[in-house]
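Now for the letters of each chain:
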Amino acid sequence: KLQTGTLRLAVGDLSYRINMHGKGEFGMLARSFNNMAENLKSAYNELKEWSDKLSNRVDEKTAELENVHKGMLHVEKMASLGKMAASVAHELNNPIAGIVTYAKLLEKKITKQLQPSADREKIMNELELIRSESMRCGNIVRNLLAFARGTSPNFEKFDLEQIINKGLEIIQHHMELAGVSAEKKINLLEKGVEGDPDQILQALIALLVNAVEAMPNGGKLLISVETIIPDENEFIIKIQDTGVGIPEDIRDKIFEPFFSTKKDKKGVGLGLPVVYGIVQRHKGKIWVDSKPHEGSTFYIRLPIKQESLNSGGIKELLDEKE
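About the thresholds
Residues numbered from 1 in each chain as written. Predicted model: local features only at pLDDT ≥ 70, side-chain atom pairs only at ≥ 80, totals over all residues. Heavy atoms only, no water. Axes fitted to C-alpha atoms, helices over the stretch in contact; angles between N-to-C directions. Helix = DSSP H or I, 4+ residues; strand = E, 2+ residues; numbered from the N terminus. Parallel < 35°, antiparallel > 145°, perpendicular 65-115°, else oblique. Left-handed = near helix turned anticlockwise from the far one by under 90°. Contact = heavy atoms within 4.5 Å. Nonpolar A, V, L, I, M, F, W, Y, C, P; charged D, E, K, R; others polar. pLDDT = per-residue confidence, 0-100. Pairing = 2+ DSSP bridges. Buried < 20%, exposed > 50% of the residue type's maximum accessible area, 1.4 Å probe, protein only. Salt bridge = Lys/Arg side-chain N within 4 Å of Asp/Glu carboxyl O.

Points about the packing of helix H4 (residues 160-170) against helix H6 (residues 197-213)
Following both chains from N to C, one finds H4 and H6 inclined at 45°, their axes separated by 9 Å at the closest point. Considering the angle they form, H4 stands oblique to H6. Classified by chirality, the crossing of H6 by H4 is right-handed. Contacts between H4 and H6 involve Leu160, Ile163, Ile164, Lys166, Gly167, Leu168 and Ile170 from the first element and Pro197, Ile200, Leu201, Leu204, Ile205 and Leu208 from the second. Residues belonging to the contact of H4 with H6 are distributed by class as follows: eleven nonpolar, one polar and one charged.

Structure below.
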């Protein structure tokens, strides 16, 4: 029996026990063997448990490192794109302004020198088209500069709920036309937060407009705010829609300049990059959770109290590059 128990233990059967109850030396040896087997089994289980925990921790840390690496690559890409965007915007600004000015001058000359006719009306319409399209290019340039060199935020304490109410009020007509209803849930431990209210409003309006446009056949828009527990110096804003959703293969690109999911070609692809820059300048994070045909949820995580009054976001990154 002792020999069989030893062989079973040797092949890894740590549950095997020797059934000997004698009081002699063999009985004592059997009991010692069983105690040793029990201790080996406990030690094995403990080692296995620690190994599983270590494996899980390694997987968690690997995932965290991958996320950090992706974040660093994204910031690096945004900084490079921002620098390029600033250069392009400056180069385009003057010729666009010239086109707009000369279009206005020609309109005035034609109004004074040509008599009303079908030809004059056609020429005036074409000049108006040139002027309006040039103005649209000018808006793109301004958005480029806003993305690349966004102004430093003027931090102050403000009521976030008032800013949200103002944003909903501004897009109210847009929601009515699209048949979208809005719901608001505010659960902040502190009523006041620190930040630039104008920039936060700008970011919220851009996200709210995108949410409404993602529901062309109507839907529900939910904006909620809550303090993050146990870290009470952070809060999170969620903007959720029941729209068309964002495919997984393009989800990582939506914060890049000139990338747009709008098929009507009205979208330039600068709204979300500007939002990203605002969040960065507030030392926050923004991400999205979305599934096609199931809607999207944008998350903005921000500190309640800002550590510094001077924050440059993308601008700081560009300055470091230079």
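Continuing now.
So, the confidence of the model for the protein chain
Overall, the predicted model of the protein chain reaches an average pLDDT of 82, with 86% of residues at or above 70. Note on residues 310-322: pLDDT is under 50 here. Beyond four places in sequence and across chains, it has 32 contacts.

Things to note about the sheet that holds strand S7 (residues 295-303)
Read across the open sheet, the five strands follow the order S2-S4-S5-S7-S6; overall the sheet is mixed. Only two strands of the sheet have a single partner each, and these edge strands are strand S2 (180-187) and strand S6 (285-291). Across the sheet, the axes of successive neighbouring strands diverge by a mean angle of 10°, strand direction being ignored. Bridge count for strand S4 (residues 219-227) against strand S5 (residues 234-241) is seven bridges, and the pairing is antiparallel. Its bridge partner lying in S5, valine 225 is registered against isoleucine 237. Seen against the sheet, H4 touches S2, S4 and S5 and runs at an angle of roughly 175° to S2. Set on the sheet, helix H7 (residues 271-281) makes contact with S6 and S7; between it and S6 the angle comes to about 140°.

Regarding unusual backbone geometry
Generally, phi is negative for residues other than glycine and the peptide bonds are trans, each holding for most cases. Of note, lysine 283 is a non-glycine position whose phi angle comes to about 60°, a positive value. Its relative accessible area of 51% is what places lysine 283 among the exposed residues. If you check the backbone angles, histidine 293 has positive phi at about 70° while not being a glycine. Structurally, the position occupied by histidine 293 is in the loop between S6 and S7.

Description of the pattern of salt bridges
Enumeration over the complete set of coordinates arrives at ten salt bridges. Note that arginine 57 is salt-bridged to glutamate 60, the shortest N-O span being 3.3 Å. With arginine 57 and glutamate 60 both in helix H2 (residues 25-113) and three residues apart, this pair spans about one turn of that helix. You can call arginine 57 partly exposed: its relative accessible area is 46%. Here glutamate 161 and lysine 184 are joined by a salt bridge, their closest N and O atoms 3.3 Å apart. One end of the pair, glutamate 161, is in helix H4; the other, lysine 184, is in strand S2, and 23 residues separate them in sequence. Classification of lysine 184 as partly exposed rests on a relative accessible area of 30%.

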